[in-house]
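Working through the structure, step by step
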Amino acid sequence: MRKKKAPKRYVQPDPKFGDVMVSQFVNRLMWQGKKSVAYEIFYDSIDLVEEKTKENGLEVWKKAIQNVGPSVEVRTRRVGGSNYQIPTEVRGDRKAAVAMKWIIQYSRERNGKSMSDKLASEIVAASKGEGSAFKKKEDTHKMAEANKAFAHFRF
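Below is a short write-up of the structure. (Residues numbered from 1 in each chain as written. Predicted model: local features only at pLDDT ≥ 70, side-chain atom pairs only at ≥ 80, totals over all residues. Heavy atoms only, no water.)

This next bit is on unusual backbone geometry. Unusually for a residue other than glycine, Q32 sits at a positive phi of about 55 degrees. Among the structural elements, Q32 can be located in the loop between helix 1 (20-29) and helix 2 (35-53). Unlike most non-glycine residues, K54 shows phi in positive territory, near 60 degrees. Overall, K54 belongs to the exposed group, its relative accessible area being 71%. (Helix = DSSP H or I, 4+ residues; strand = E, 2+ residues; numbered from the N terminus. Buried < 20%, exposed > 50% of the residue type's maximum accessible area, 1.4 Å probe, protein only.)

The next point concerns the nonpolar core. F25, F42, W61, I65, V68, I103 and I123 are the most contacted members of the largest nonpolar core, which has 30 residues in total. Secondary structure elements with two or more residues in this core: helix 1, helix 2, helix 3 (57-68), helix 4 (92-109) and helix 5 (115-127). When residues of this core are assigned to their parent elements, the largest contribution, seven residues, is made by helix 4. Not counting residues within four places of it along the chain, the set of residues in contact with I123 comprises S45, V49, V60, W61, A64 and I103. (Core = buried A, V, L, I, M, F, W, Y, C linked by side-chain atoms within 4.5 Å. Contact = heavy atoms within 4.5 Å.)

This part is about the pairing of strand 2 (residues 82-89). In the sheet, strand 1 (residues 72-79) pairs with strand 2 via eight bridges, with the strands oriented antiparallel. Residue pairing across strands places V79 opposite S82, the latter belonging to strand 2. From the end of strand 1 to the start of strand 2, which pair antiparallel, there are two residues, and G80 there has a positive phi angle of about 60 degrees. (Pairing = 2+ DSSP bridges.)

Moving on, we get to the packing of aromatic side chains. What the rule picks out here adds up to seven aromatic pairs. Arranged with centres 5.3 Å apart and planes meeting at 80 degrees, the rings of F42 and W61 form a pair that is edge-to-face. Here F42, found in helix 2, pairs with W61, found in helix 3; they are 19 residues apart in sequence, far enough to count as distant. One aromatic cluster in this structure is built from F17, F25, Y39, F42, Y43 and W61. Positioned above the aromatic ring of W31, the side-chain terminus of R108 is 4.2 Å from the ring centre. (Phe/Tyr/Trp six-rings, centres within 6.5 Å; stacked < 30°, edge-to-face > 60°. Lys NZ or Arg CZ within 6 Å of the ring centre and 35° of its normal.)

The quantities given are spatial measurements derived from coordinates; they are silent on function.
Printed below as a string of structure tokens:
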């Protein structure tokens, strides 16, 4: 190994729920350093989720992240002059990070009035096992399944 491993950065928990995962989500949601706007969008969407589902919004959001997180993904590896898609297990922290990224990405692509509306819709869909972010997870799993033959190249 050439360089030392990067130190793990820890995020402060958010002010309303006291949850570190919420802070990480808001940091990914944030644009141009406007964290207060990102918090506002997130908290509004959690309130909308509560209205839609009549359940605890934070629990629905956590379930959505659980549902969207992939357990296997493909990584490209060059072996003997050709590239192979090698299925690998996903670590827990990366699983949550990827899930957050996909939920935010697909909520931005949704049709809706405000970002909090779009985010709330995507969270509700993901918690039910539907929506674009959940479909992305299914596609990732299918790709890993299709490339299972190259699993012996794992590093």
